[in-house]
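If you want the building blocks of each chain, they are given just below.
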Amino acid sequence: MKISRNEYMQTEFEIEKGGNFQVEKLISILPANKKIVLVGGFCSGKNYLAEKLKNIGRKICVSHTDREQRIGEVDGVDYHFTTPRDILKLLNFNKSIQWDAFGGHFYVTTLEEYSKSDVFILSPRGLNKFPPALREQMCVIYLDINLELRKERYLERKNVNMGLERRIEEEKPQFDGFKNFDIRIYDYKVEEENKKIVEE
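Just so it is clear, the structure is predicted and the values come from calculations on it, not from any experiment.

Student: Can you tell me about helix α8 (residues 164-175), naming the residues and giving the values?
Tutor: Between its terminal C-alpha atoms α8 stretches 17 Å, which fits the 16 Å expected from twelve residues at 1.5 Å a residue. Taken together, the buried positions of α8 are Leu 164, Arg 167, Ile 168, Glu 171, Gln 174 and Phe 175. Relative to the axis of α8, the buried residues are bounded by an arc of 120° and lie together on one face. Those residues of α8 that are exposed and angled more than 90 degrees off the buried face are Glu 165, Glu 169 and Pro 173. Taken together, the buried residues of α8 touch β3 (35-40), β6 (96-102), α5 (124-127), β9 (138-144) and α7 (147-156). Just downstream of α8 lies Gly 177, where phi reads positive at about 75°.

Structure representation (structure tokens):
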């Protein structure tokens, strides 16, 4: 694994093909006084990294959602599962600080959860809804993991309820040209292979 800086002075973690990287090395460079935001496509390792951060004492934000609870998920741990009516109450009575819609469902970060949490999992669209002053309090980690690997991981899951192609289509516009991050984790071998394909 190689750590470098890009032209925007953002930190780049070049990882081995397969999506594996040294979590401890990443954790060692994270600022202690900032909230950690994990951004990435489906099956990019956001929950895995969040769990590692939880193990060292960082508190994970538990968002509210009106989607159905999946097998293995725990209410109050994975999400606060609630009704569409209660989601609207959070949005309409200034109890939320950020929200996003995906797959026909809402995902809401409340003011209460934001104030007491250290780690957040967000989409680019959700991240961009935070005021600039709050963005300065965050260290955003972008897990830019190869799509083919993420497809394999997705198909191994038993509790998904959204078609793979539909999921790819819905999230792709959010990540095209995404630059709002402080640290990017990517598979440099896959990236080099893709560049060769484009050049040919």
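Further notes follow.
Student: I'd like to hear about the confidence of the model for the chain, residue by residue, with values.
Tutor: A residue-level look at the chain finds 89% of positions with pLDDT of 70 or above and a mean pLDDT of 87. Per-element averaging of pLDDT across the chain places helix α9 (residues 188-199) at the bottom with 49 and strand β5 (residues 80-81) at the top with 98. Counted against residues more than four places away or in other chains, residues 193-200, with its pLDDT under 50, gives one contact.

The rules behind the values
- Residues numbered from 1 in each chain as written.
- Predicted model: local features only at pLDDT ≥ 70, side-chain atom pairs only at ≥ 80, totals over all residues.
- Heavy atoms only, no water.
- Helix = DSSP H or I, 4+ residues; strand = E, 2+ residues; numbered from the N terminus.
- Expected span 1.5 Å × (residues − 1).
- Buried < 20%, exposed > 50% of the residue type's maximum accessible area, 1.4 Å probe, protein only.
- Arc of directions from axis to C-beta.
- Contact = heavy atoms within 4.5 Å.
- pLDDT = per-residue confidence, 0-100.

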